[in-house]
Amino acid sequence: MSALQDNQVLIGAMEEDDLCAVVTGPARHAGVKVDAELVDLIVDEARGQVGALSLVSHALLETWRRRTGASLTVAAFRATGGLRGAVSQTAERVYGELGPAEQDVAKGVFLRLTMPGDGTEDTRRRASRAELQASPQGRRTAKVLDTLIAARLVVAEENTVTIAHEALIRGWPRLRTWLEEDRERLHAHRRLAEAATEWDQHGRDQAFLYRGTRLANWHDHPAEALNDLERDFLDAGHRREAAESAGRRRRTRLTLTVLVATTVVVSALAGVAVLQGRQAREQRDVALSRQLAAEARAELELNPGRGLALARRAYGLWPTVEAESVLRQGIVEDHLLATAPGLGRATGVAFSPDDSRLAACSTDGLVRVWSWLSGRMSAGPPTVLRGHRGQALSPKFSPDGRRLAVPGTDETIRIWDLSGGAKRITLTGHDGPVWNVAFSPDGRRLASAGKDGTVRLWDTGGTGDPEVLRGHEGDSTTVAFSPNGRVLASAGHDSTIRLWDLKERGEPRVLRGHAAAIKNVAFSPDGRLLASVSIDGTARVWQTEGNMPPVVLYGHEGSVEGLAFSHDGHRLATTSDDSTIRLWSPTGAGDPLVLRGHERVVWGAAFSADGTRLVSAGDDGTVRVWDPRGMGQVSVLRGHEGEAWVAAFGPDGRRVFSGGVDGTLRSWDWSAGTHRVLNRHEDEVVGLAVSRDGRRVASAGRDGTIQVADAEAGAKPVVLRGHEDTVWNAAFSPDGRWLASAGGDATLRIWDLTGATVPLIRWADADQIRYVAFSPDGRQMATGGQDGTVRMWDAHRDLPPLVLRGHQGLVWAVAFSPDGRRLASAGTDGTVRIWPASGQGAPLVLRGHQSMVWSVAFSPDGRWVAGTGHDGTARIWRTDAAAPPITVGGFATTVESIEFSRDGKLLTTAHGDGTVRLWRCTACEPVNDVLARVDRRLSGE
């Protein structure tokens, strides 16, 4: 021992030369080539890290598994998640391959092998195999341990095991979620294990047993989470308490004759005990419901389907506010409609142009074709097309939908005639795998891209030799024809896109910008845009004419593999090895809608022709069907040139009015799909109001005027002048006689629309009044302004206003509740505040928006209040309970205003992309309707 103590040597981080040798030496011995860039990347990530060798080893193993031939590449290394992400990605993959029972065991193993920190980092813990396997699940635990050891997630040393890498604890989201679910319970379990061990080491002396509250706390703990020693320890404690209880009962029987007189009292106490027992059970169920709700909210970020199922369990256990809130949010987040499993590894999908067929390819070389009807895959088995001797990749339908072309790693392209009228055509010529193909718009030619670096143009009848286009350095990975067929786009590992003019010929135009290999390209349906995706983690949208720089879309946390435009060109779907699909506006505005559910890489996606469905193919062996639209989307109205600032319903809900940057006030009959322009301002329309009878619409503009238009007859609007600056907003009184307007000149003006009196003017102390609203009885008006105050005015008498203070910064909007007893305000401080209209009492402060809130509206029944803001979301709060809001995002543009229809069935929002959208808040339905909707979704109906 003395020798050991006096001769210790601290080993620091490896030098760069040593790291290079670690990476290249074993590979050279095995005859495997390592890209120089990969060596530099690994050394850079491992530099200065003590204990990095095990992470390097693991990442290299995973890279080897994804190798291309005899080469280890940067792309394969990045696909593993990198030095720190590889072990997390491996853990998620191994966990996903386990069955449900094995997954529960694996969770228990990882939690036992982790020492939760108390104000410090969580760390690894060493445990004996006996501790882990001493349970009824012992054999299953041993099997799971062997799986984890084989995957190098757990290491075994003689009779003990421990987690292989601290990085797994810090970097694996699922383990982090487990640890955060009930950290106090984990600490308690560690104390239990230590107490049981101490009891065993002292000859199982009763003096070391738990009793009282410490024992009762473990009464309802699942037995399968404990090992044999821990169960014996608790059972011994229960037996001791039972023996003590039995002794007490014996003493009680001896004294019963003395206590007859107290029977009534004892009965009353027993009743209290029963009541207390019932209350204890209720408290337990409430606590468990809240715990499950917390787990469900965390799971919504990873897999919304599983999160929704957890939320349903939480609500079924006890209908807590937390459970109901996450249940409603789950309705918003879960867009998955159906899953077709069993494809091994699905590599690509495609819809036929008429939406009658859906094709999917897989690494087993098979092509499966389903019938597609009414937004669903056929219930029967698919038609299976065979022929490829390697992986089948990226299916493409011909423009008439009769033929299906599929490239493969067997160096061939195979074209099937799905009408059965011709034999399969096999095209050969590429020297290596063929990665992608595309039909020309007339269907007469087929372009292909291959590992040999060439792009080839074939006659789809299979006659003649192909035309060969050369220029890419390294693999050519993808091709796409422009809609007019004149331009062919290709891209490759050299990070360039080449645009070949098939009419004029000559040298191609070269687009540069990506920092790594490009995986896919696609033209927008109108041919004005070209989108590309790359392993550099970005998607880029290029204008096909001119030299404008591309729009760069950031958000994926890994390589971007596939992309697809919707048929109207307004949405762009991208897929990634981060297991997500993201739906963007091609302009890059706003945040994308993120679809989660795949367990591994998502290789490709395709929109149905009507845009109501998106189908994806993933490395987890599934084809998944999604609703790519926002929650409850009914209609998207397009016509404004530039941003639409405001939208409002007519009384019947069939008509919607909107105004925007183009200075127009528009009337939409959304059910008929028609609209007309009611009037035009000389500058932007920034506010509007609809009279209660729907016959008049007032628009407020930056030109300093209010125009009151006839919504029915289309007569020339009445123009009200007087403001000396922008008129931000207008509001009709309930009887329609008066119109209030709020101006940038710090005045509130009340106009008599009969013309009988001159306008009344109220001066504010602020620099400007931003918004005005009438109370439902027409007796009061509320305004919000620059000074952060909300002011309540008498509508007809010149009295000082009641001033409500609380917002920090400008108040953008105000709205009365339908009963007039509450007033909501929205401000730059990111809050919505609900005030008593009497001015007595503090406001209810609603938080959630990440930046300023500039629109607010009550539902007609007053149960909900909605806000929109700078963060691109709509958030909807309950007004009767303190609960998180329902957050509706993924509009891929800004959300400028929001309003409920007068029957409460629809909402309308105005957006920065010029659209006006109508949607149902299905998550706002009565809770029984929400439960029925969730049950249908979980059952796959």
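Residues numbered from 1 in each chain as written. Predicted model: local features only at pLDDT ≥ 70, side-chain atom pairs only at ≥ 80, totals over all residues. Heavy atoms only, no water.

**A closer look at the overall build of the protein chain**
Phase 1: When helices and strands are tallied, the protein chain shows 18 helices and 64 strands.
Phase 2: Counting every position in the protein chain, which comprises 941 residues, the buried fraction comes to 53%.
Phase 3: Entry remark: accessible area of the protein chain is about 42,300 Å², with carbon and sulfur atoms responsible for 49%. (Helix = DSSP H or I, 4+ residues; strand = E, 2+ residues; numbered from the N terminus. Buried < 20%, exposed > 50% of the residue type's maximum accessible area, 1.4 Å probe, protein only. Areas by Shrake-Rupley, 256 points an atom, 1.4 Å probe, with all protein chains shown as cover.)

**Digging into the packing of helix 17 (residues 321-333) against helix 18 (residues 927-938)**
Phase 1: Running from N to C, helix 17 and helix 18 cross one another at 55°; their axes reach a closest spacing of 10 Å. It follows that helix 17 is oblique to helix 18 by the angle criterion. For the pair helix 17 and helix 18, the crossing hand works out as left-handed. Contacts between helix 17 and helix 18 pair Glu324, Leu327, Arg328, Gly330 and Ile331 from the former with Val927, Val930, Leu931, Arg933, Val934 and Arg937 from the latter.
Phase 2: The class makeup of the residues in the contact of helix 17 with helix 18 is six nonpolar, one polar and four charged. (Axes fitted to C-alpha atoms, helices over the stretch in contact; angles between N-to-C directions. Parallel < 35°, antiparallel > 145°, perpendicular 65-115°, else oblique. Left-handed = near helix turned anticlockwise from the far one by under 90°. Contact = heavy atoms within 4.5 Å. Nonpolar A, V, L, I, M, F, W, Y, C, P; charged D, E, K, R; others polar.)

**Some remarks on the pattern of salt bridges**
Note on pairing: side chains with opposite charge can pair once their charged atoms come close.
Phase 1: Applying the stated criterion across every chain, the model contains 40 salt bridges.
Phase 2: Asp794 is paired through a salt bridge with Arg797; the nearest N and O atoms lie 3.1 Å apart.
Phase 3: A relative accessible area of 18% places Asp794 in the buried class.
Phase 4: Among the ionic pairs, Arg933 bridges to Glu925, the shortest N-O distance being 2.9 Å.
Phase 5: A single network of salt bridges, built from pairs that share partners, joins Glu324, Arg328, Arg878 and Asp880. (Salt bridge = Lys/Arg side-chain N within 4 Å of Asp/Glu carboxyl O.)

**Some words on the sheet that holds strand 18 (residues 434-439)**
Phase 1: On the basis of which strands lie adjacent, the open sheet formed by four strands has the order 18-19-20-21 and antiparallel pairing. Each end of this open sheet is capped by a strand with a single partner; those strands are strand 18 and strand 21 (467-469). Within the sheet, the average angular offset between the axes of one strand and its neighbour, ignoring direction, is 20°.
Phase 2: Here three bridges tie strand 20 (residues 455-459) to strand 21, and the two strands are oriented antiparallel to one another. By the bridge assignment for strand 21, Arg456 is matched with Val468. (Pairing = 2+ DSSP bridges.)

**Regarding unusual backbone geometry**
Outside of glycine, negative phi angles account for most residues, and trans bonds account for most peptide bonds.
Phase 1: Backbone geometry at Asp355 places phi at a positive 65°, although glycine is not the residue there.
Phase 2: Tracing the backbone through its elements, the reader meets Asp355 in the loop between strand 9 (346-351) and strand 10 (357-362).
Phase 3: Asp355 sits in the buried class, given a relative accessible area of 14%.

**Quick notes on empty space enclosed by the protein**
Phase 1: A complete count under the given rule lists two cavities of 30 Å³ or more for this structure.
Phase 2: Surrounding the largest cavity, Val321, Glu324, Ser325, Arg328, Trp864, Ile876, Trp877, Arg878, Ala883, Pro884, Pro885 and Ile886 form its lining.
Phase 3: Counting only elements with at least two residues in the lining of the largest cavity, the list comes to helix 17 and strand 60 (874-878).
Phase 4: Looking at the lining of the largest cavity element by element, the count peaks at four residues for helix 17.
Phase 5: Taken together, the residues of the lining of the largest cavity break down into eight nonpolar, one polar and three charged.
Phase 6: Estimated volume of the second largest cavity: approximately 30 Å³.
Phase 7: Around the second largest cavity, the lining comprises 10 residues; the ones closest to its centre are Ile769, Thr783, Gly784, Gly785 and Arg791.
Phase 8: A per-class count over the lining of the second largest cavity returns three nonpolar, five polar and two charged. (1 Å grid on protein atoms, 1.4 Å probe; cavity = no way out; pocket = protein on both sides within 12 Å on 5 of 7 lines; lining within 4 Å. Points joined across faces, edges and corners; volume = space filled by probe spheres on them.)

**Structural notes on the sheet that holds strand 41 (residues 674-680)**
Phase 1: If you trace the four strands from one edge of the open sheet to the other, you get 38-39-40-41, paired in antiparallel fashion. The outermost strands of the open sheet, each flanked by one partner alone, are strand 38 (644-649) and strand 41. For this sheet, the mean inter-axis angle between neighbouring strands, taken without regard to orientation, is 20°.
Phase 2: Relative to strand 39 (residues 655-660), strand 38 runs antiparallel, the two sharing five bridges. Bridge assignment links Val646 to a residue of strand 39, and that residue is Gly659.

**Some remarks on the nonpolar core**
For soluble globular proteins, nonpolar side chains are generally found buried alongside one another.
Phase 1: Residues Leu327, Ile876, Ile886, Val888, Trp919 and Cys921 are the most contacted members of the largest nonpolar core, which totals 34 residues.
Phase 2: Secondary structure elements with two or more residues in this core: helix 15 (263-300), helix 16 (304-317), helix 17, strand 59 (864-869), strand 60, strand 61 (886-888), strand 62 (895-900) and helix 18.
Phase 3: Beyond its immediate chain neighbours, meaning those up to four positions away, Cys921 contacts Met631, Ile876 and Leu907.
Phase 4: The next biggest cluster of nonpolar side chains, apart from the first, holds 29 residues, and it includes Val87, Leu111, Leu179 and Leu186. (Core = buried A, V, L, I, M, F, W, Y, C linked by side-chain atoms within 4.5 Å.)

**Digging into the packing of aromatic side chains**
Phase 1: The full count for this structure, using the stated rule, is seven aromatic pairs.
Phase 2: With 4.9 Å between their ring centres and 80° between their planes, Phe351 and Trp372 make a pair best called edge-to-face. Of this pair, Phe351 sits in strand 9 while Trp372 sits in strand 11 (residues 367-373), placing them 21 residues apart in sequence.
Phase 3: Exposure remark for Trp372: the relative accessible area of 7% places this residue in the buried category.
Phase 4: Taken together, the aromatic side chains of Tyr95, Phe110, Trp172 and Trp178 make up a single cluster linked through ring pairs.
Phase 5: When the ring centre of Trp728 is taken as reference, the NZ or CZ atom of Arg770 above it lies at 3.4 Å. (Phe/Tyr/Trp six-rings, centres within 6.5 Å; stacked < 30°, edge-to-face > 60°. Lys NZ or Arg CZ within 6 Å of the ring centre and 35° of its normal.)

**Some remarks on the environment of Gly537**
Phase 1: Structurally, Gly537 is set in the loop between strand 27 (529-534) and strand 28 (539-543).
Phase 2: With 19 residues separating them along the chain, Gly537 and Ile518 place their C-alpha atoms 10.0 Å apart.

**Quick word on the confidence of the model for the protein chain**
Predicted coordinates in regions of low pLDDT should not be interpreted in detail.
Phase 1: Residue-level pLDDT values for the protein chain average 87, and 88% of them are 70 or greater.
Phase 2: Here residues 1-5 scores under 50 on pLDDT; set against residues more than four positions off or in separate chains, the count is zero contacts. (pLDDT = per-residue confidence, 0-100.)

**Quick word on the environment of Ala824**
Phase 1: Looking at the element boundaries, Ala824 is found in strand 55 (residues 822-827).
Phase 2: Filtering out sequence-adjacent residues up to four positions away, Ala824 remains in contact with Ala813, Val814, Ala815, Arg833, Ile834, Val856, Phe858 and Val865.

**A short note on the state of the cysteines**
Phase 1: Summed over all chains, the structure comprises one disulfide.
Phase 2: Covalent S-S linkage joins Cys921 and Cys924, the inter-sulfur distance amounting to 2.0 Å. Negative torsions about the S-S bond denote left-handed disulfides, and the value of about 60° found for Cys921 with Cys924 makes this one right-handed. For the pair formed by Cys921 and Cys924, the shared burial category is buried. (Disulfide = S-S within 2.5 Å.)

**Here we look at helix 16**
Phase 1: Spanning 14 residues, helix 16 covers 20 Å between terminal C-alpha atoms, matching the ideal 20 Å at 1.5 Å per step.
Phase 2: Buried within helix 16 we find Pro304, Gly307, Leu308, Leu310, Ala311, Ala314 and Tyr315. End-on view of helix 16: buried residues confined to an arc of 160°, all on one side of the axis. For helix 16, the exposed residues lying more than 90 degrees away from the buried face are Arg313 and Gly316. (Expected span 1.5 Å × (residues − 1). Arc of directions from axis to C-beta.)

**Side note on the pairing of strand 26 (residues 518-523)**
Phase 1: The element strand 26 is largely enclosed, with a buried count of five among its six residues.
Phase 2: As judged from the five bridges shared by strand 26 and strand 27, these two strands associate in the antiparallel manner. Across the sheet, Asn520 pairs through a bridge with Val533, a residue of strand 27.
Phase 3: Between strand 26 and the antiparallel strand that follows it, strand 27, lie five residues; Gly527 among them carries a positive phi value of about 75°.

**Some remarks on the environment of Ala309**
Phase 1: Locating Ala309 in the fold gives a position in helix 16.
Phase 2: It is 8.8 Å that separates the C-alpha atoms of Ala309 and Gly330, two residues lying 21 residues apart in sequence.

**Overview of helix 7 (residues 100-112)**
Phase 1: Between its first and last C-alpha, helix 7 extends 19 Å over 13 residues, near the 18 Å set by a 1.5 Å rise per residue.
Phase 2: The set of residues buried in helix 7 consists of Glu102, Gln103, Val105, Ala106, Val109, Phe110, Leu111 and Arg112.

**With respect to the packing of helix 16 against helix 18**
Phase 1: Relative to each other, helix 16 and helix 18 sit at 135°, their axes nearing to 11 Å. Comparing their axes, helix 18 and helix 16 come out oblique. Helix 16 and helix 18 meet at a crossing whose hand is left-handed. Residue-level inspection shows Gly305, Leu308, Ala309, Arg312 and Tyr315 of helix 16 in contact with helix 18, the latter providing Val927, Leu931, Val934, Asp935, Arg937 and Leu938.
Phase 2: Tallied by class, residues from the contact of helix 16 with helix 18 come to seven nonpolar, one polar and three charged.

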